[in-house]
Amino acid sequence: MNPRLTIATAGRVLAQLRRDPRTIALVLVMPCVLLWLFKEVFSAEPLVFQQLAPALLATFPLLIMFLVTSVAMVRERSGGTLERLLTTPLGKADLMLGYGLAFGALALVQGLAASGVALVLLGLDRPASVPVLLLIAVADAVLGTALGLGVSALAATEFQAVQFLPAVILPQFLLSGLITPTSSMAGWLDGVSRVMPLRYAVDGMNRLARATTVSSTVWWDLGVIAGCAVIALVVGSTTLRRTTA
Amino acid sequence: MTAIDIRQLVVRRRGNIVLDHIDLAVPVGSLTALVGPSGSGKTTLLRVLVGTQRITSGTVAVLGRPAGHPALRREIGYTTQVASVYADLTALANIRYHAAMHGAGRAAALDALARVDLAEYADRLVRNLSGGQVNRVSLACALVGRPRLLLLDEPTVGLDPVLRRDLWALFRAEAHEHGTTLVVSSHVLDEAARCDRLLLLRAGHLIADDTPAGLLDATGAADLDDAFLNLVTDAEVPA
């Protein structure tokens, strides 16, 4: 691993992103619009928005970064640029962390936009700590990036990569406690949901929203998300092969 | 001194023999053309040298180390047949990324761009360049690290005759003035006349390893195209 190469890779990924204003706009604007839509849908029951908006702030970064990264990485694999990169002094960790850094930065901007809109324009109650809320969003985004990198190894085309979204993200979404509390699910599902990282992001956001101080459970949730992101990055980097048959 | 030393190299892929008992030595500072019909194993041989192709048996030494050794990643510049560059970056940004991997900066990237005659396209997005220009951006990415060994897979495909001539002049200069070793694959024999050594591959067999002049003498052919046709039709290829 070489920090200079990690930074160069992050810079390259961001430069590619900069050439794609439509994607940037979608990534930044879509969550805000969806939050607003959500508030309007439940306009008769404002409490529902207060209850679910924090969990949505945890879900968007995972969802969007997963999608963006898996497609970007399938492109690297099928376009031959990945094979070429692996013949250069660039380390596998440099590549993974470079992507993680670049999309983590994008996630930070997205988190600022979405939570800003939710708090200022849509009247979401102030959480215990806005910086910790952003921290969870960024960790969640890096997790999405890491999962996307791993899944890209299983997808031969960009078309297939998109199909992995319902397979990898939707079950987490259902079991995260966002739709219904995990305690009211079938007993065995609670066990399954404990190994789903999104559960911890949703739990952390909910605790931040409903308390005035940052509890130790929130830090634990954040630690689990970060740990899962690291594991997913390590597993993902094993899918980068320097030699093939 | 030899830059490449291959002994009894065999590569099988899904039960098929792709390269069959290749023996080969390439001296440092030489320009070698690797020629053969499509599917003859040219790309596989280059991938063996760069270390991305798993081999079945034999030994492959590159710059005194086994092929694929991590230290070789700093010493080898490689271009694939399909230009592997980022279409959504400018020409210069692509080359600067590769420059960064070798600790070089903007000046080195601009120099590499000038060497492939694309200086005025530095800020053009790769997706807006022509096929031949994209190939040259890919080539500049390989040149920018000033590698000791350049492995180029069909770098002149889709280029007009003038550009082909200029690129082969560049390859010769890299070899004879900078001491770089080059192995350049091509299916155009006419180009191969401009190299020091010719390797002819057919169906995974090395059927000739000679200078262009030596090949003409040995086959008694009037030009390289005839020499190649003679060799290809004469060669006994075991099933």
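The rules behind each value
Residues numbered from 1 in each chain as written. Chains lettered and ligands numbered in written order. Predicted model: local features only at pLDDT ≥ 70, side-chain atom pairs only at ≥ 80, totals over all residues. Helix = DSSP H or I, 4+ residues; strand = E, 2+ residues; numbered from the N terminus. Pairing = 2+ DSSP bridges. Domains from an automatic or database assignment. Contact = placed C-beta atoms within 7 Å. Axes fitted to C-alpha atoms, helices over the stretch in contact; angles between N-to-C directions. Parallel < 35°, antiparallel > 145°, perpendicular 65-115°, else oblique. Nonpolar A, V, L, I, M, F, W, Y, C, P; charged D, E, K, R; others polar.

**Some details on unusual backbone geometry**
Residues and elements named next belong to chain B.
Okay, so step 1: Here R14, not a glycine, exhibits a phi torsion of approximately 45°, which is positive.
Okay, so step 2: Its location among the elements puts R14 in the loop between β1 (2-13) and β2 (16-27).
Okay, so step 3: The backbone phi angle of L63 is positive, close to 50°, even though this residue is not glycine.
Okay, so step 4: As for its position among the elements, L63 is in the loop between β4 (57-62) and β5 (65-66).

**A word on the pairing of β4(B)**
Across a regular strand the side chains alternate sides, sitting on one face of the sheet and then on the other.
Residue and element names in this part refer to chain B.
Okay, so step 1: Here β1 pairs with β4 via five bridges, running antiparallel. Residue pairing for β4: I4 is matched across the bridge by V62.
Okay, so step 2: Inspection of the sheet shows β4 paired to β5 by two bridges, in the antiparallel sense. What sits directly across from V62, in β5, is R65.

**Section: the domain arrangement of chain B**
Interfaces are often sized by the accessible area lost when the parts come together.
Residues and elements named next belong to chain B.
Okay, so step 1: Splitting chain B by domain gives domain 1 (2-75 + 149-234) and domain 2 (84-146).
Okay, so step 2: One C-alpha centre belongs to domain 1, the other to domain 2, and the line joining them spans 24 Å.
Okay, so step 3: Between domain 1 and domain 2, the residue contacts involve ten residues of the former and eight residues of the latter.
Okay, so step 4: Broken down by element, the residue count for the side of domain 1 that touches domain 2 peaks at three residues, all from helix α5 (residues 161-178).

**Some thoughts on the sheet that holds β4(B)**
Residue and element names in this part refer to chain B.
Okay, so step 1: Overall, antiparallel pairing links the four strands, which are arranged β2-β1-β4-β5 in an open sheet. Only two strands of the sheet have a single neighbouring strand rather than two, namely β2 and β5.
Okay, so step 2: Taken strand by strand, helix α1 (residues 42-50) contacts β1, β2 and β4, and its axis lies near 120° from that of β1.

**A short note on the packing of helix α1 (residues 3-18) of chain A against helix α2 (residues 91-101) of chain B**
Okay, so step 1: Across the interface, α1(A) lies against α2(B) with an axial gap of 9 Å and an inter-helix angle of 170°. Relative to α2(B), the element α1(A) is oriented roughly antiparallel. Each of A:R4, A:L5, A:A8, A:R12 and A:A15 in α1(A) lies in contact with α2(B), whose residues at this interface are B:A93, B:Y97, B:A100 and B:M101.
Okay, so step 2: A per-class count over the contact of α1(A) with α2(B) returns seven nonpolar, no polar and two charged.

**Quick notes on the interface of chain B and chain A**
Okay, so step 1: On the chain A side, the residues contacting the 25 residues of chain B number 21 residues.
Okay, so step 2: Where the side of chain B that touches chain A is concerned, the elements lending two or more residues are β6 (76-79) and α2 of chain B.
Okay, so step 3: Looking at the side of chain B that touches chain A, the element that brings in the most residues is α2(B), giving five residues.

**Quick notes on the sheet that holds strand β9 (residues 197-202) of chain B**
Residue and element names in this part refer to chain B.
Okay, so step 1: Across the sheet, six strands lie side by side as β6-β7-β8-β3-β9-β10; this open sheet has mixed pairing. Looking at the sheet topology across the chains shown, the edges are occupied by β6 and β10 (205-210). Across this sheet, the average inter-strand angle for adjacent strands is 15°, counted without regard to direction.
Okay, so step 2: Where strand β3 (residues 31-35) lies against strand β8 (residues 181-186), five bridges are found, and the strand directions are parallel. Looking at β8, one finds that T32 is bridged to V183.
Okay, so step 3: Where helix α4 (residues 131-143) meets the sheet, it contacts β6 and β7 (149-153), and its direction lies at approximately 170° from that of β6.
Okay, so step 4: Contacting β3, β7 and β8, α5 crosses the sheet at an angle of about 155° to β8.

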